[in-house]
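One letter stands for each residue in the lines below.
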Amino acid sequence: MPATSPPAAVAPAAHWSDGLLAWRDRLLGSARFRHWAQAFPLTRWIARRRAAEVFDLVAGFVYSQVLLACVQLRLFDLLLAEGPQTAAALAARWQMPLAHAERLLRAAVALRLLQHRAYGRVGLGPLGAPLAGDAGLAAMVEHHAAFYRDLADPLALLRGDTGVPAALPGGGLADYWPYAGTDAPHALPPERLAAYSALMAASQPLVAEQVLQAYPLHRHRRLLDVGGGNGAFACRAAQAAPGLQVQVFDLPGVAALAQQRFAQAGLAGRCSAVGGDFFQDALPVGADLVTLLRVVHDHDDDRVLRLLSAVRRALVPGGCLLLAEPLADTPGAERMGHAYFGFYLLAMGRGEPRSEARLRELLAEAGFIQVQRLATAVPLQASAVLAKTPE
Ligand SMILES: CC(C)=CCC/C(C)=C/CC/C(C)=C/C=C/C(C)=C/C=C/C=C(C)/C=C/C=C(C)/C=C/C=C(C)/C=C/CC(C)(C)O
Ligand SMILES: C[S@@+](CC[C@H](N)C(=O)[O-])C[C@H]1O[C@@H](n2cnc3c(N)ncnc32)[C@H](O)[C@@H]1O
């Protein structure tokens, strides 16, 4: 809803635009008008485009399942490694009836994930090629199985029931992200933290490359990555800026995973991890840069304000906060914010996608100054906002 919406209890007065828009809605809703518009040469292209747009909304879930099947079969990786294949060779490999393999391949060609190639083979298409060899995107696609279980009954979800219907075995996103449903996340056993930490590490390159391109780290001395997961970004940051000391703060079980990663990467001299609950425990002080990557949108406004205030207190005077996550209302990626993440976070049980304007308000309230949006190459993967603490 626009920020200007009246409170729910107040019946809104009529607005001058209502009559005009009601006329437009009646027109577009009229079968006679649509019939005329699709026959008339000057409006036919609009009618066709709108029909295709509406169809894509109806069929989007089916397209997603075609993609999921390709990813589960590691099809894009295979075509990248071994080149174009025939349907017969793939059907034999997958132990699937030839007709079914052909059906999947034709669907994937129609979605531009694949392309027909010479001698009756299929190869990567323009939308499948970026997925090939990308373990992070593959993991992202595969974990959506949990989200789809929540979405099996969207009205139950909207009415506040985040439980997955009993008919669907396997949990939903509230199970997948257990910290979102508890006020004692530090008490979560390590086995509940492993799956999401692995997904975050696998998909971290999607974010890290955007962040490091938008904001070089070498001007800083000490980085604290709050909610830094199992240390994937910390390692990348330490490699990108050889003079940087890096600390991760995350739940104790996740911080232990980060410590292991640093040792394995030979970075334990410059990288360390501290376990705790960022809503209860003080953050380590003295960093001149704090990063919050894919953390803030997980939480409601009250908690975000507490977290941002804790970050401000932990930073040295004049220190910087670099916040990166997908932002709502991002031009060119509007569906990603309120439609995708809006429902994702609802299913998870906590949090909301925020626009740059809303983040600015929260940052100002927490005492940050000089807030600026940094340009990222692919905002759909991550948008970045930089803020400072007063000197
Ligand atoms: C070569 C010739 C002939 C022409 C070239 C033409 C040309 C220039 C083509 C461009 C090719 C190109 C560079 C393509 C690039 C494609 C890219 C960058 C694709 C990127 C795709 C990214 C995707 C699909 C990202 C998806 C991210 C998702 C779904 C993230 C989900 C995140 C979640 C669920 C996070 C959860 C964390 C929580 C809990 C919310 O905090
Ligand atoms: C969505 S993940 C993002 C991880 C990492 N920043 C990334 O982008 O890959 C959110 C992280 O916040 C951590 N987290 C959530 N609630 C926390 C809390 N109360 N205290 C400390 N860490 C918390 C989670 O354990 C998780 O690692």
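The model shown is predicted, which means the values in this text are computed figures rather than measured ones.

## A closer look at the overall build of the protein
If you tally the helices and strands in the protein, you get 15 helices and 10 strands. For the protein, the spread of C-alpha atoms along the principal axes amounts to about 65 × 65 × 45 Å. Relative to its 391 residues, the protein shows a buried fraction of 32%. For the protein, long-range pairs separated by at least 24 residues make up 65% of all intrachain contacts whose partners lie at least 6 apart in sequence.

## Describing the UniProt feature "domain: O-methyltransferase dimerisation" (unreviewed entry) in the protein
Here, the residues flagged by UniProt with the feature "domain: O-methyltransferase dimerisation" (unreviewed entry) are residues 56–117. Helix makes up 74% of residues 56–117 and strand 10%, and the two end C-alpha atoms of the span are 26 Å apart.

## Digging into the sheet that holds strand β7 (residues 287–293)
Within the open sheet, the 7 strands sit side by side as β6-β5-β4-β7-β8-β10-β9. Their pairing is mixed. Whereas interior strands pair on both sides, the edge strands pair on one side only; in this sheet they are β6 (271–275) and β9 (369–374). Averaged over all neighbouring strand pairs, the angle between strand axes comes to 20°, with direction disregarded. For strand β4 (residues 222–226) and strand β5 (residues 245–250), the ladder comprises 5 bridges, and the chain directions are parallel. Within β5, the residue paired with Leu223 across the bridge is Val246. Lying over the sheet, helix α12 (residues 252–264) contacts β5 and β6, oriented at roughly 165° with respect to β6.

## Describing the site of ligand 1
For ligand 1, the full set of nearby residues is Pro130, Leu137, Met140, Trp177, Leu206, Arg294, His297, Asp298, Tyr344, Met348, Val378 and Gln381. Residue assignment for the shell around ligand 1 shows that the elements contributing at least two residues are α7 (135–151) and α14 (334–348). When its residues are assigned to classes, the shell around ligand 1 shows 8 nonpolar, 2 polar and 2 charged.

## Examining the nonpolar core
Of all hydrophobic cores here, the largest spans 67 residues; its most connected members are Val226, Ala234, Val290, Val311 and Leu321. Residues in contact with Leu321, not counting those within four places in the same chain, are Val290, Leu292, Val311, Leu315, Phe368 and Ala387. Membership of the second largest hydrophobic core comes to 18 residues, among which are Leu67, Ala101, Leu104 and Leu114.

## Comments concerning the site of ligand 2
Ligand 2 sits among 19 residues. The nearest are Met200, Gly227, Gly229, Leu293 and Arg294. At 3 residues, helix α10 (residues 190–214) tops the list of elements feeding residues into the shell around ligand 2. Per-class residue counts for the shell around ligand 2 are 11 nonpolar, 4 polar and 4 charged.

## Some points on the environment of Gln65
Here Gln65 lies in helix α3 (residues 44–72). Residue Gln65 is classed as partly exposed on the basis of its C-beta count, with 13 C-beta atoms lying within 10 Å. A sequence separation of 236 residues divides Gln65 from Asp301, and the C-alpha atoms of the two residues are 34 Å apart.

## Let's talk about the UniProt feature "domain: O-methyltransferase C-terminal" (unreviewed entry) in the protein
Mapped onto this structure's residue numbering, the UniProt feature "domain: O-methyltransferase C-terminal" (unreviewed entry) falls at residues 190–368. This span, residues 190–368, is 48% helix and 19% strand, and a straight line between its end C-alpha atoms measures 34 Å.

## Some words on the sheet that holds strand β2 (residues 114–117)
Strand order in the open sheet formed by 3 strands is β1-β3-β2, with antiparallel pairing between adjacent strands. In the strand order of this sheet, the two ends are held by β1 (85–86) and β2, each with one partner. As paired strands, β1 and strand β3 (residues 121–124) are joined by 2 bridges and run antiparallel to one another. What sits directly across from Gln85, in β3, is Val122. Across the face of the sheet, helix α4 (residues 75–82) comes into contact with β1 and β3 while running at roughly 100° to β3.

## Looking at the pairing of β4
Of all 5 residues making up β4, 4 are buried, and the element is well covered by its neighbours. Between the parallel elements β4 and β5, the chain passes through helix α11 (residues 232–240) in a crossover that is right-handed. For β4 and β7, the ladder comprises 3 bridges, and the chain directions are parallel. When the sheet's bridge partners are listed, Leu223 is paired in β7 with Leu289.

## Here's the deal with unusual backbone geometry
The phi angle at Arg294 is positive, at roughly 55°, despite the residue not being glycine. As for its placement among the helices and strands, Arg294 is situated in the loop between β7 and α13 (301–314). Here Arg294 falls in the partly exposed class, since 19 other C-beta atoms lie within 10 Å of it. Even without a glycine there, the phi angle at Asp329 is positive, about 60°. As for its position among the elements, Asp329 is in the loop between β8 (315–325) and α14.

## Overview of the packing of α3 against α7
At a minimum axis distance of 10 Å, the contact between α3 and α7 shows a crossing angle of 120°. Judged by the inter-axis angle, α3 sits oblique to α7. Pair α3 / α7 crosses with left-handed handedness. Of the residues in α7, those touching α3 at Leu67, Leu68, Val71 and Gln72 are Ala138, Val141, Glu142 and His144. The residue inventory of the contact of α3 with α7, partitioned by class, reads 5 nonpolar, 2 polar and 1 charged.

## Some points on the environment of Leu293
In this fold, Leu293 is placed in strand β7. Classification of Leu293 as buried rests on a count of 24 C-beta atoms within 10 Å. In this structure the C-alpha to C-alpha distance between Leu293 and Ser383, which are 90 residues apart in sequence, comes to 9.9 Å. Dropping the residues within four chain positions of it, Leu293 is found in contact with Val207, Val211, Phe233, Ala324 and Glu325.

What counts, and at which threshold
- Residues numbered from 1 in each chain as written.
- Chains lettered and ligands numbered in written order.
- Predicted model: local features only at pLDDT ≥ 70, side-chain atom pairs only at ≥ 80, totals over all residues.
- Helix = DSSP H or I, 4+ residues; strand = E, 2+ residues; numbered from the N terminus.
- Buried ≥ 20, exposed ≤ 12 C-beta atoms within 10 Å, placed from the backbone.
- Contact = placed C-beta atoms within 7 Å.
- UniProt positions renumbered as here; feature names shortened; annotations may be inferred.
- Pairing = 2+ DSSP bridges.
- Axes fitted to C-alpha atoms, helices over the stretch in contact; angles between N-to-C directions.
- Near = placed C-beta within 6 Å.
- Nonpolar A, V, L, I, M, F, W, Y, C, P; charged D, E, K, R; others polar.
- Core = buried A, V, L, I, M, F, W, Y, C linked by C-beta atoms within 7 Å.
- Right-handed = clockwise from strand over helix to strand, strands pointing away.
- Parallel < 35°, antiparallel > 145°, perpendicular 65-115°, else oblique.
- Left-handed = near helix turned anticlockwise from the far one by under 90°.

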